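The residues making up each chain are set out below.
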Amino acid sequence: MAGAAKMGPRCTMGLSNTLFVMALLLSGVASLKIQAYFNETADLPCQFTNPQNISPSELVVFWQNQEKLVLYELYLGKEKPDNVDPKYMSRTSFDQDNWILRLHHVHIKDKGLYQCFIHHKRPKELVHLYQKNSYLSVIENSDTNLTCSSIHGYPEPKKMYFVLKTENSSIEHDGIMQKSQDNVTELYNVSISLSVSSLDVTSNMSIFCILQTEQMETQLISLPFYIAPKIPQPKDYNLWIGAMLLTSIIVWALVFLLIRWKRKKKKQPGVSHERETIKEEREENEQTEERVKFHVPERSAEEAQRAVKSSKTPLGEKSATHF
């Protein structure tokens, strides 16, 4: 009993340590949900806190996608592009202070699972320290980005803006004008940008870029840029209607068969009864015919006597009957 008492606490401690290690592993493998817009930058965090304060020169850090293709590798404090897959070459940058890998120019095909691995490089072995999973979702940008520019112009431009015209409205949109002057030629370069959301376009829209110089009478107007509202894809109503019709036909057919089956079931005992009735009526008719055929109606006594006297009267004699 004494030995068992000493063994109990040790087993409990071992179990608690195992659970603690499992909790650390699960927390390290938990996936993060990351979103990025199409053709922009996605941040793939590693969230490594480096609790042992290991020098980066002793760490091996790399990211890979769900196909095990390497996006980036930092080997003992130095970037190692040899193992990077060509489609990720020159598309990543590593923020070592925050342990974030930035994936630039995100494509639709970039969505999926990404994993960050950190190993400790020791003299005789490579020890796994940390892993973090991130799932990237790519959002298609529905905005239309426009840039209007004028180069090598003179005199100095005073104002540059966009005009958005529809059938019922005309809106002037002022943006931040970027202006520069060449020191040698003293000519001006100017540009302005505009982002139009497809949600704001409910009818056909024409966009013009207008440039004004110091003399307000002078205006340069660009060619129009047309934006049409997005027409929702029509639903295949024919297929839907066909499916509904087919379903209705099947339902009505089942109902018809069910009603017919019920009627048939109800008629079955009635038919036999009707046959019995017909048989009985037929037998009664036959019996009645037999009675009519062989039945001699009874006569009264007076009629019988008259019949006897008539039969006894000889031919040629007068009848004894007097009136």
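So, here is what we can say about the structure in this document. (Residues numbered from 1 in each chain as written. Predicted model: local features only at pLDDT ≥ 70, side-chain atom pairs only at ≥ 80, totals over all residues. Heavy atoms only, no water.)

## Quick notes on the sheet that holds strand S6 (residues 92-95)
Working step 1: Pairing in this open sheet of 3 strands is antiparallel, and the strands run S2-S7-S6 from one edge to the other. Of all strands in the sheet, those with a lone pairing partner are strand S2 (42-45) and S6, marking the two edges. Neighbour to neighbour, the strand axes of the sheet diverge by 25° on average, direction disregarded.
Working step 2: In the sheet, S6 pairs with strand S7 (residues 100-103) via 4 bridges, with the strands oriented antiparallel. Bridge assignment links threonine 92 to a residue of S7, and that residue is leucine 103. (Pairing = 2+ DSSP bridges. Helix = DSSP H or I, 4+ residues; strand = E, 2+ residues; numbered from the N terminus. Axes fitted to C-alpha atoms, helices over the stretch in contact; angles between N-to-C directions.)

## Description of the sheet that holds strand S13 (residues 178-181)
Working step 1: Pairing is antiparallel in the open sheet, where 3 strands are placed in the order S10-S14-S13. In this open sheet, the two strands that pair with only one neighbour each are strand S10 (143-153) and S13. Neighbour-to-neighbour, the strand axes of the sheet open up by a mean angle of 10°, direction not taken into account.
Working step 2: Inspection of the sheet shows S13 paired to strand S14 (residues 188-197) by 4 bridges, in the antiparallel sense. Bridged to glutamine 181 within S14 is tyrosine 188.

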